[in-house]
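Observations on chain architecture
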Amino acid sequence: MKKFATVAAGAALAVSMLGFTACGNSSEGKNKDNYTTPTREEFSAAISSIDTDKAFSDENSTPSFEILSKISTDITMGSEYANAELNLGYKLAFGEKDFLGSGTVAVNSESKTGGTEIKQKYAATLFNDAEWAYAEIAKIPSVPSKYKIELGKLMPPTVNTLDGDADLTEFFTTCETYKIQLGLNTSDGVKIKLSLTEETLWAILADADITEETIAQVKEIVTFNTFRLDMYLAFDKTGLFSQASIDMNIDIKINGDALEDILGQIPEYTPGAISGDISIKLKGYLMVKTYDGTITLPEGIESDDTYIDITDSLGSIIG
């Protein structure tokens, strides 16, 4: 049996390379095919058809990917609020010796606290080669605009995987333990869907040695108006990777009075800091799909000494 974990880890690594952070239309991250719940035998047969040595490139090409993301957050409490919107577009091309990328990222935020409104906008142009990642941020007064990071010092060298039946046993056990719904479509390739719901969250808390009393208390305070987080992984009928994505729509309400009562038991807490119910909304998608094109970096960027190396300082932050 082929290494299913290798395939999944490769796609997950591509999705996670740029982080998980609008008002974005989350439907762009969905694979809208019809999915059925597979038996272990059906799932095993489907993933066995994927050759991990050829899943991300064929004999005539090298892998290239496009990463797209639109994610919005909206937090409100009474008349106060904080909203943020992220838009990301990035292309990556892998050659025999080269590893090139280019794209843009933009973040818009708006908040109101204590009667003061603040609006901020940030944008950056991003590049990378096999050794460095570069960012040129739109001009901010008195702040340097060009930075670079040495990739070899921050990226993990290997990804560990599991093989065959042991891998499948652990995978199905994880889905069962955490109430993760598994879907499969093999009508035109292999398409996998993992769906996390509110039940998944409570199962994770229960498995984290959190007492039933604490979980019950959280349930009294927190209401999920909507909780949907879907993960997709797709390969075409030739076994080549075509798309991986995360699509989410989460809408949470926190009872302000109940939270105030709990926090009031903490000596350091200032009474009245919670001024009403709290609403938290997170919506959007992060997607990686195949890309057919070339990438060109700005001429001379590798020797441009105006880029400030922040590798060591960033490494100390992330440990």
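Here's a quick rundown of the structure. (Residues numbered from 1 in each chain as written. Predicted model: local features only at pLDDT ≥ 70, side-chain atom pairs only at ≥ 80, totals over all residues. Heavy atoms only, no water.)

Describing the packing of helix 5 (residues 198–206) against helix 6 (residues 212–221)
Put simply, the rule is: To define axes, lines are fitted to C-alpha atoms, for helices over the stretch in contact only, and angles between the resulting N-to-C directions are given on a 0 to 180 degree scale. Counting from the N terminus, the helices are DSSP H or I runs at least four residues long and the strands are E runs at least two residues long. Orientation is classified from the angle alone, with under 35 degrees giving roughly parallel, over 145 giving roughly antiparallel, 65 to 115 giving roughly perpendicular, and any other angle giving oblique. Note: crossing handedness is left-handed where the near helix turns anticlockwise from the far helix by less than a right angle, and right-handed where it turns clockwise. Contact criterion: two residues are considered in contact whenever any of their non-hydrogen atoms come within 4.5 Å of each other. Residues are grouped as follows: nonpolar covers Ala, Val, Leu, Ile, Met, Phe, Trp, Tyr, Cys and Pro; charged covers Asp, Glu, Lys and Arg; every other residue, Gly included, is treated as polar.
In contact at an axis separation of 10 Å, helix 5 and helix 6 are set at 150 degrees when each is read in the N-to-C sense. Here helix 6 runs roughly antiparallel to helix 5, going by the angle between their axes. Considering the relative orientation of helix 5 and helix 6, their crossing is right-handed. Facing helix 5, whose interface residues are Trp202, Leu205 and Ala206, helix 6 presents Ile215, Val218 and Lys219. For the contact of helix 5 with helix 6, the residue count by class is five nonpolar, no polar and one charged.

Considering the packing of aromatic side chains
Spelled out, the test is: Under the pairing criterion, centres of Phe, Tyr and Trp rings, with the six-membered ring standing for Trp, must be within 6.5 Å; the plane angle then separates stacked pairs below 30 degrees from edge-to-face pairs above 60, leaving the rest tilted. Relative accessibility under 20% of the residue-type maximum defines a buried residue, over 50% an exposed one, and the middle range a partly exposed one, all with a 1.4 Å probe and only protein chains included.
Across all of its chains, the model carries 13 aromatic pairs by this definition. Both rings, one in Phe65 and one in Phe241, keep their centres 5.6 Å apart while their planes meet at 70 degrees; by these two values the pair is edge-to-face. Here Phe65, found in strand 1 (residues 64–77), pairs with Phe241, found in strand 10 (residues 241–254); they are 176 residues apart in sequence, far enough to count as distant. Phe241 carries the same exposure label as Phe65, and that label is buried. Measuring from ring centre to ring centre gives 6.1 Å for Phe235 and Phe241, while their planes differ by 75 degrees; the resulting arrangement is edge-to-face. Each member of the pair, Phe235 as well as Phe241, is classed as buried. Among the aromatic residues, those joined into a ring-pair cluster are Phe56, Phe65, Phe94, Phe99, Phe235 and Phe241.

A closer look at the pattern of salt bridges
Basically, it comes down to this: By definition here, a salt bridge exists when the distance from a side-chain nitrogen of Lys or Arg to a carboxyl oxygen of Asp or Glu is within 4 Å.
Under the criterion given, the structure shown has seven salt bridges. Its salt-bridge partner being Glu150, residue Lys153 comes within 3.7 Å of it at the nearest N-O pair. Judged by its relative accessible area of 26%, Glu150 is partly exposed. For Asp277, the salt bridge identified is with Lys253, shortest N-O distance 3.5 Å. With Asp277 in the loop between helix 7 (256–263) and strand 11 (278–290) and Lys253 in strand 10, the pair connects residues that are 24 residues apart, well separated along the chain. When its relative accessible area of 38% is taken as the criterion, Lys253 is described as partly exposed. Three or more residues are tied together by salt bridges with common partners; here these are Glu150, Lys153 and Asp312.

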